[in-house]
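# Per-entry structural report
The lines below spell out each chain.
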Amino acid sequence: PPSCLPAEDISTNSNGPKQEILLDDDQEDLFAEATEEVSLDSPEREPILSDGPSPAITPVTPTVIITPRAEASMFDRSLDEDEDTEENGDTFDMQITVSDPEKVGGFGCTSLNLFSRNEFSVKRRFSDFLGLHSKLASKYMHIGYIVPPAPEKSIVGMTKVKVGKEDLSSAEFVEKRRSALQRYLTRTVTHPALLKDPDVIQFLENTELPRAVSTQALSGAGILRMVNKAAEAVNKMTIKMNESDAWFEEKQQQFENLDIQLRKLHASVESLVCHRKELSVNTASFAKSAAMLGNSEDHTALSRALSQLAEVEEKIDQLHQEQAYADFYLFSELLGDYVRLIAAVKGVFDQRMKTWSKWQDAQLLLQRKREAETKLQYANKPDKLQQAKDEIKEWETKVQQGERDFEQISKNIRQEVGRFEKQRVKDFKVVIIKYLESLVHTQQQLIKYWEAFLPEAKAIA
Amino acid sequence: MDASNKESALNVNASSIKISDVSQDGDMLTFAITSQNLSGSGGVCVFRTYEDFIWLQQSLFSQEDVPELQGVIFPPLPDKPLPSHSHTQAKVLKQLGFLSLGDKWQIYCKALELYLQQVAAHTLLSKNKELYNFLSSSESPGKQRSKKGIFNRLSQVMEEMRKEGHKDVDEFFQSERDKTTNLSVLFKVATEKFLEVVLTKQKLALACGHFSTSLHLCVNQENADAVAFSKICLKLSDIIETMKRNFEKVSDNDMSTLGLGLELESRYQEAKREMLFRRTCRLVELDNANKNVDRAKPNKKAHMEEVQKATQKEFNLISSVAKQEIVHYHRTRVQVLRDFLIDWCEKQLSTAQESSTLFSQYLEACKGLAV
C-alpha cells in the first residue's frame, strides 16, 4: 500500500496546488492514501489558473474596518464561533466581513482568523469574486467537492416576482450584493479544503490580485456555463450509468425532492416579503390620513389623540420595514443560496457520472488495443507490435487511473454530502434564531407603543 | 298617536337592545333582536330582516306633521348586507367597508345594534310607535312604502349642486357646514386607508399559512442529519403558524374596534351633512319666500306674507332642533371614539404581550435545540 504522505502546507507552493485532498474531520484519515500530484500538462486538467509566482504573504496590520450598516449586520450569518473551535480544534476558523463599496471604491473584505486573531483587510471588485469562484470550480468540482456557487450577477436571480423596482445603483441592490458576497466567502472558507486553497488565501490576503492570469477558462461566464451545464437536468445527459451503489441513486432523488421543496419555500417567502412591504406602504398612508384628521379635528383632546395615533402608525410602519428586511435577508436569501447550492451538488453528481464514463471509455479503448495487438502478432510487423504493446501499457494505466478517479470522486461526494447535511442544519438554526430575535423585538416595540398610546386615548374627555 | 303606544315606545331601555344572533338562508339574513323595558321586567325577542330595517328607517323619516324632524341627524342605517361570493367580494367591500368583514357578520350586527340603540335613545325618534312595533311585535312590520318623504336621494343629488354653497344667515351653521364638509371627507379617507391596512394583514396571514404548510412537507428521516433538519423545519413551521395567528388576531382587533369606530363616524358625519343640507334647502325656500313677498303684486301680497311667516316659523324650529342635535352629536361622538380607541389599544397591547411571550418561548427552545 502506498505510504501515507504527511499533509503538506500548500500555501507557499509556487507552482499551483497539489491535489491534496485534506478533509480533517475524521480520526482515521480516509484520504491519507489519496494524495497524488497532477502534472500541469495532463490533458484532463483545465489549465491551472493560479500560475505565476505566489507573492509573499505579508500580514497587513488591521485597518479600520468599515462596519456594515446596523440592520444588515444584525442578519449576517457569521460562523458560530464556539461550536466550531470545540468540534474541530481547527486553527483555521475564519470570520469574514464584506463591507459597503461606497466609501472605498470596492468591496472591503476582512478576514479574521479566530484562533490566531490575525486579520487581513483587502479591497475586491465583484469580478474578483467571480474569478475566485471560477478557479475553485475548475479545480475541485471534478473531484467531487461542492464548490459554493458564485454570487448572482443578475438582480432578480431566481425570483419571478419582482419585489419592487430595483435599479443597479440603488442602495438596496448594493446591500443585497454585499450581503451575498459575504455569505459566499463565508461558505467558501467553511469548506475545510477551500480554506487552505492558495487562491482563496491570496484572495483574502493580497493587497492586489493578479489581473488576467491566463486562458479562456478564466472567463467567469465560461466557467459558469460549464457549471450550469453540469447542473442542468440530468435527463439531458446521455450517459447511462450502471449504478452499483444505491446510496448515490437515493441521494440524487433526495436532492431532486429537496430542490423542489426549497423552491416552493423560496416562493412562499418572496410572497411574504412582498405583502410585508405592501403593509408598510399602506400603514404609512393611513398614518398620513390620521394626521390630517388630527389637524382638522376641533375637539382638543380628540385631536391630540388622533395625532398620536398617526405617530404610532408611523412607528409601526418602521417596524414593518425592518421585519420585511429580516424576512428577506434571513429567509429569502438563505433559501436562494440553498437552491443554488443544490445546483452545485447536482453538478458534482454529474461529474461523477462523467468520471465513470471516462473510465468505461478507457476500458473499451484498452480492449481495442488488445485486439489490435493480437492481430498484429500474426502480421509480422515488429515495430508496430511494440507500439501496440506500449499503447496497451499506457491504456492499462489509464484504466487504473480511471477506476481510482471514480472511487475517489465517489468517496469525496459521500463526504461532501455529509458535510452539506450537517452545515444545512447549522445554517438554518442560526437563521431561525436570528429571525425569532427580530420577531420578539418587534412585539416588544409594539408593547411600548401601545402602552404609551393608552393614556392618550384615556385622556379624551 | 295612541297614548298607550307612546308610553310603550318610551319604555324601552335603549342600551338593552342587542342583536343576539344572526342566521343566513341563501342570501337572506335574519337578525334576532332582544330588548328590555326600562323597569327591567320582561324582555322580548323578535326576528327581523334587512327589509324590515328599511321599513323602520322610512317610517322614521316620513312622519307627517313633525317638521322638526328635518333638523334631526338620523342615525345612519348600514347598507344592505350582501353575502359575498368570490365575484361580488370587491363590490361588497366597497359598499360595506369594515361592516363586511369578520366572522359571521359580527361587525355588521354590532353596527346594526348601535343603530337601534341610537334610534331608541333619541328623544324625538323614540316616540315613533313603529319603533315599538319593530322591537316587540311578533308580526313582521309592514311592507316597504314607496319612496316618499323628506328623504328622496335622487332629487337631493341634483339640488345639492345648486344649494350646497348657499350662504347661511347664521355663523354657527355656516361654520358647522364648512367643518362637516371637510371632516366627513377626511374620515371617509381614513376609514378606507385603514381598511387597506387590515386587508393587507389578512393577506399576510394567508402567506404565512402557505409558508407554514410548505415547511411541514419538508420531512425526511433518512439519517441523523436529515432528521435534525426535519425537526428544524417543523419548528419553523410552528413559528410561522404563530405569526399567522398573530396577524389574524391583530386584524380582528383592528376591525372590531377602530375599524368599526371609523366606519360609524364616517357615516354619522354623512348623516350630519345631510341634515345640514336639508336645513340649507329650507333656507333657500325661506329666501325665495322673502323675495316673493317683495315682488308680490298687491292682490297676492297677503298670501305671500302668510307663506313667508309659515316658512320662517318652520325654519326657526328646524334650526333650533338642528342646533341641539349638533351639540349632542359633538358630545356623543367624542365618547364613542374614545371608547373605540381605548378598546383598540388595550386589545392590541394584549395581543402583542401574548405574541412576545410565545416568540420568546420559541427562541429559548430553539437555542437549546441540539444540533
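What you see is a predicted model, and the numbers here were worked out from it, not measured in a lab. (Residues numbered from 1 in each chain as written. Chains lettered and ligands numbered in written order. Predicted model: local features only at pLDDT ≥ 70, side-chain atom pairs only at ≥ 80, totals over all residues. Heavy atoms only, no water.)

### With respect to the interface of chain B and chain A
- Taken together, the 63 residues of chain B in the interface contact 58 residues of chain A.
- Surface buried jointly by chain B and chain A totals about 5,600 Å² across both partners, of which 75% is contributed by carbon and sulfur atoms.
- Between the two partners, chain B and chain A, sit five salt bridges.
- Here A:Asp298 ties to B:Lys179 by a salt bridge, and the two come within 2.4 Å at their closest N and O atoms.
- Summed over the shared surface of chain B and chain A, the result is 10 residue pairs in polar contact (both at pLDDT 80 or more).
- Of all the secondary-structure elements, those providing two or more residues to the side of chain B that touches chain A are helix 7 (171-216), helix 8 (224-295) and helix 9 (298-367) of chain B. (Contact = heavy atoms within 4.5 Å. Buried area = accessible area lost by both parts, 1.4 Å probe. Salt bridge = Lys/Arg side-chain N within 4 Å of Asp/Glu carboxyl O. Polar contact = N/O pair within 3.5 Å; in protein donor to acceptor, adjacent residues only side chain to side chain. Helix = DSSP H or I, 4+ residues; strand = E, 2+ residues; numbered from the N terminus.)

### Some thoughts on the domain arrangement of chain B
Residues and elements named next belong to chain B.
- Domains assigned within chain B are domain 1 (1-157) and domain 2 (165-371).
- Computed from C-alpha atoms alone, the centre-to-centre distance between domain 1 and domain 2 is 20 Å.
- Taken together, the contact between domain 1 and domain 2 spans 31 residues of the former and 30 residues of the latter.
- Note on domain 1 versus domain 2: buried area summed over both sides is about 2,600 Å², and carbon and sulfur give 70% of it.
- Inspection of the domain 1/domain 2 interface yields zero salt bridges. (Domains from an automatic or database assignment.)

### Let's talk about helix 2 (residues 50-61) of chain B
Residues and elements named next belong to chain B.
- Compared with the 16 Å implied by 1.5 Å per residue over 12 residues, the 17 Å span of helix 2 between its first and last C-alpha is a close match.
- Burial analysis of helix 2 places 10 of its 12 residues in the buried class, which makes it a mostly covered element.
- Among all positions of helix 2, only Tyr-50, Asp-52, Phe-53, Trp-55, Leu-56, Gln-57, Gln-58, Ser-59, Leu-60 and Phe-61 are buried.
- Along its buried surface, helix 2 packs onto strand 1 (18-25), strand 2 (28-36), strand 3 (43-49), helix 4 (106-121) and helix 5 (129-136). (Expected span 1.5 Å × (residues − 1). Buried < 20%, exposed > 50% of the residue type's maximum accessible area, 1.4 Å probe, protein only.)

### Some words on the nonpolar core
- Counting residues in hydrophobic clusters, the biggest one holds 168 residues, and the most contacted among them are A:Leu185 and B:Phe53.
- By residue number, the principal contributor to this core is helix 10 (residues 300-377) of chain A, which donates 23 residues.
- With residues up to four places along the chain from it excluded, the contact list for A:Leu185 reads A:Ile96, A:Val98, A:Cys109, A:Phe129, A:Leu132, A:Phe203 and A:Leu204.
- Residues A:Trp359, A:Ala362, A:Leu366 and A:Ile392 belong to the second largest nonpolar core, which totals 10 residues. (Core = buried A, V, L, I, M, F, W, Y, C linked by side-chain atoms within 4.5 Å.)

### Examining the environment of A:Glu205
All names here are of chain A.
- With respect to the helices, strands and loops of the structure, Glu-205 is situated in helix 7 (residues 198-205).
- Judged by its relative accessible area of 15%, Glu-205 is buried.
- Sequence separation of Glu-205 and Gln-95 is 110 residues, and the distance between their C-alpha atoms is 13 Å.

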